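Each chain, written out:
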Amino acid sequence: MRIIILGGGTVGGWIAETLCEKHDITLVDDNPEVIQRLTDQYDVQGFVGSAIDSAVLFTAQILNMDLCLAVTGDESVNILAASMSKQMGVRRVIARTQSPVFFDKSTFDCEQAFQIDRLISLEELTAIELASEIRNPGSVVVEHVARGSIKVQEVIMTARSKLLGKPLRELELPEGVRIGSISRFNVDRQQHDSWLATADDILEVGDQILLIGDDENVDVILDRLLKERKDEEVLIAGGGSVSLYLARILQAGPYHVALIEKDEERAKELAALLPSVKVLSGDATYRQTLLEERVDTASIFIACMGDDESNIMASVEVDHIINAAENLDRSEKKLMCIINRPDYAEVVSRLGIDQVVSPRVAMVNQVKTFLTDGAVLSSGQIHDTDIGVYEIEIQPESPATEHVLANLQLPLGKCLIAAVSSDGEARVPRPDDHFKAGDYIVALIHDSAVDEVVDIFSVTGR
């Protein structure tokens, strides 16, 4: 694949290093020293100049590129550069941004207005990586693709659930809510089996299900029918952008989230932005602060402060507090932190930290999902399953434009359309929906049926 990276800074360098062995990489940066260093280190072609200079882009052969990644340190430049690249003929364009306002489509749809296939945030991706280690990875992936327009909630069935014992078709779920997947422990194989839900499935005690729908109707199911899981306590140290994104993901449940931020003004700002989160003012690197905030009662502690050293210090302190406490089982606690420096990875593994997340890895993993052909914009796998999450752009004159959803002849039990984005609005689709070219769908697809499903939304499917 021919890929052009606009911006040779930290993020652009990560991506170039990862992809240059298997893809043709072109780099554009306005700093000659950066281009010289990267072209010396990696098998890439470099051009010196502005990412928003059409002459520079033309010289870099932008017209022949399959994918453009605008990842400079200036989000305004990224948006403009990605939009220009799309207009100049690049098939897919991705722009990096830091401001959450660009993801809010309620007042202005930046992606649609500038014809950008996807806006990505390093901070959001890091938060998603953390959340995926805590929650069902599939729920986080679908939420991310749907950009918060729909709610995806993992629920565990207990003997008290009113959803047990009946085929799904008889459950009379609220309109716009569906059960996406089911995970059940297989005693013989001593592992969980996961599959896409069908109308004939009957839920059992212990099943993990993925509820997908709009906020209000999913909450109806959670509040009136389920209520079978005690919320876990989560404590987040740090009040930066990663913490904000993470708290927003986790506050949907089933977690009680608290956050510690050293700066009092930032703490007040976060309290206003996160009404369901308990925001505390204090320094999480101090043992006394952690003791005062009862860190020992939290099931999960996540260090998301601004530097690796602070994250390590706080995590090690929490580990000592838990190990010193009576009547606490360390195996029931989870300590997580963000580490930027790759050379720290081996060190932290010996310090009692259970899970380390790297922003570098999060960004590179997300970029890899865009290395697709045809109608598929991005793809990812739900962890430890044979189910993938695909974002697909409906192509002109594809079979999907000729029939309503109920008549598309999707393979039974192997595909679930979880969301559709049309004219900037994402929602759970209805059986009578008629898709049009340019709409995007989010589909859960079994590995064995990917080609069959993609053909339905592609011109090649005719």
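As shown above, the structure is provided for reference.
Below, the structure is looked at part by part. (Residues numbered from 1 in each chain as written. Predicted model: local features only at pLDDT ≥ 70, side-chain atom pairs only at ≥ 80, totals over all residues. Heavy atoms only, no water.)

### Observations concerning the pattern of salt bridges
Charged atoms that come close allow side chains of opposite charge to pair.
Move 1: According to the stated counting rule, one finds 17 salt bridges in the structure shown.
Move 2: When the shortest N-O distance is used, the salt bridge between D117 and K86 registers 3.0 Å. Linking D117 in the loop between α5 (110-114) and β6 (118-120) with K86 in helix α4 (residues 75-87), this pair joins segments that are 31 residues apart in sequence.
Move 3: Notably, a salt bridge pairs D117 with R92, separated by 3.5 Å at the nearest N-O pair. Pair noted here: D117 is in the loop between α5 and β6 and R92 is in strand β5 (residues 92-96), with a separation of 25 residues, a long-range link.
Move 4: A residue is classified by how much of its surface remains accessible, and D117, at 6% relative accessible area, is buried.
Move 5: The buried category is assigned to R92, whose relative accessible area is 3%. (Salt bridge = Lys/Arg side-chain N within 4 Å of Asp/Glu carboxyl O. Helix = DSSP H or I, 4+ residues; strand = E, 2+ residues; numbered from the N terminus. Buried < 20%, exposed > 50% of the residue type's maximum accessible area, 1.4 Å probe, protein only.)

### Side note on the side chain of D201
Move 1: For D201, the position within the fold is in the loop between β9 (191-196) and β10 (208-213).
Move 2: Of the buried charged residues, D201 lacks a salt bridge, with R184 as the closest side chain of opposite charge at 6.2 Å.
Move 3: At a separation of 3.2 Å, a polar atom in the side chain of D201 contacts the side chain of W195.
Move 4: Setting aside residues no more than four positions away along its own chain, D201 makes contact with K166, P167, L168, I182, W195 and L196. (Lys, Arg positive; Asp, Glu negative; His and termini not counted. Polar contact = N/O pair within 3.5 Å; in protein donor to acceptor, adjacent residues only side chain to side chain. Contact = heavy atoms within 4.5 Å.)

### Observations regarding the pairing of strand β2 (residues 24-29)
Put simply, side chains in a regular strand alternate between the two faces of the sheet.
Move 1: The buried count for β2 comes to five of six residues, which makes it a mostly enclosed element.
Move 2: In this structure, strand β1 (residues 2-6) lies alongside β2, joined through five bridges in parallel fashion. Counterpart to I3 in the pairing with β2 is I25.
Move 3: A crossover connection joins β1 to the parallel β2 through helix α1 (residues 10-19); in handedness this β-α-β unit is right-handed.
Move 4: In this sheet, strand β3 (residues 45-48) lies alongside β2 in parallel orientation, the contact comprising four bridges. (Pairing = 2+ DSSP bridges. Right-handed = clockwise from strand over helix to strand, strands pointing away.)

### As for the sheet that holds strand β12 (residues 255-261)
Move 1: Pairing within the open sheet is parallel, and its six strands lie in the order β13-β12-β11-β14-β15-β16. For this open sheet the edge positions go to β13 (278-281) and β16 (355-357), each flanked by a neighbour on one side alone. The sheet shows a mean angle of 20° between the axes of neighbouring strands, taken without regard to direction.
Move 2: As defined by bridge partners, β12 adjoins β13 across four bridges and the pair is classed as parallel. Considered in β13, the bridge of A258 is made with K278.
Move 3: Most of the contacts of helix α10 (residues 264-273) go to β13, to which it runs at about 175°, and overall it touches β12 and β13.
Move 4: Across the sheet, helix α12 (residues 308-324) lies against β14 (300-303) and β15 (334-338), angled at about 170° from β15, the strand it touches most. (Axes fitted to C-alpha atoms, helices over the stretch in contact; angles between N-to-C directions.)

### Regarding the packing of α1 against helix α14 (residues 359-369)
Move 1: Contact pair α1 / α14: the axes reach a minimum separation of 10 Å and the direction vectors enclose 60°. What the angle tells us is that α1 and α14 run oblique. With respect to the hand of their crossing, α1 and α14 are arranged in right-handed fashion. Residue-level contacts link V11, W14, I15, E17, T18 and L19 of α1 to P359, R360, M363, V364, V367 and K368 of α14.
Move 2: Classifying every residue of the contact of α1 with α14 gives eight nonpolar, one polar and three charged. (Parallel < 35°, antiparallel > 145°, perpendicular 65-115°, else oblique. Left-handed = near helix turned anticlockwise from the far one by under 90°. Nonpolar A, V, L, I, M, F, W, Y, C, P; charged D, E, K, R; others polar.)

### Re the packing of aromatic side chains
Move 1: The full count for this structure, using the stated rule, is two aromatic pairs.
Move 2: Aromatic pair F108 and F114: ring centres 6.2 Å apart, planes at 70°, arrangement edge-to-face.
Move 3: Given the relative accessible area of 47%, F108 is considered partly exposed.
Move 4: On the basis of relative accessible area, F114 is assigned to the partly exposed category, the value being 31%.
Move 5: Between the aromatic rings of F435 and F457, the centroid separation amounts to 6.5 Å while the plane-to-plane angle is 45°, which identifies the pairing as tilted. Here the residue F435 occupies a position in the loop between β20 (425-427) and β21 (440-446), and F457 occupies one in the segment after α15 (450-456), the gap between them amounting to 22 residues. An identical accessibility class is assigned to F435 and F457; each is buried. (Phe/Tyr/Trp six-rings, centres within 6.5 Å; stacked < 30°, edge-to-face > 60°.)

### Digging into the environment of Y245
Move 1: Tracing the backbone through its elements, the reader meets Y245 in helix α9 (residues 241-250).
Move 2: The class for Y245 is buried, based on a relative accessible area of 9%.
Move 3: In contact with Y245, other than residues within four places in its own chain, are Q98, S99, P100, F103, S121, E123, E124 and A127.

### What about α4?
Move 1: Given a rise of 1.5 Å per residue, 13 residues ought to cover 18 Å, and the 18 Å separating the end C-alpha atoms of α4 matches this to within 8%.
Move 2: Listed as buried for α4 are E75, N78, I79, A81, A82, S83, M84 and S85.
Move 3: Looking at the buried residues of α4, the elements they touch are β1, α3 (54-59), β4 (67-70), β5, α5 and β6.
Move 4: Where α4 begins, one side-chain oxygen reaches toward the backbone nitrogen of S76, 3.0 Å away; that side chain belongs to D74.
Move 5: Phi for G89, located one or two positions after α4, is positive at around 115°. (Expected span 1.5 Å × (residues − 1).)

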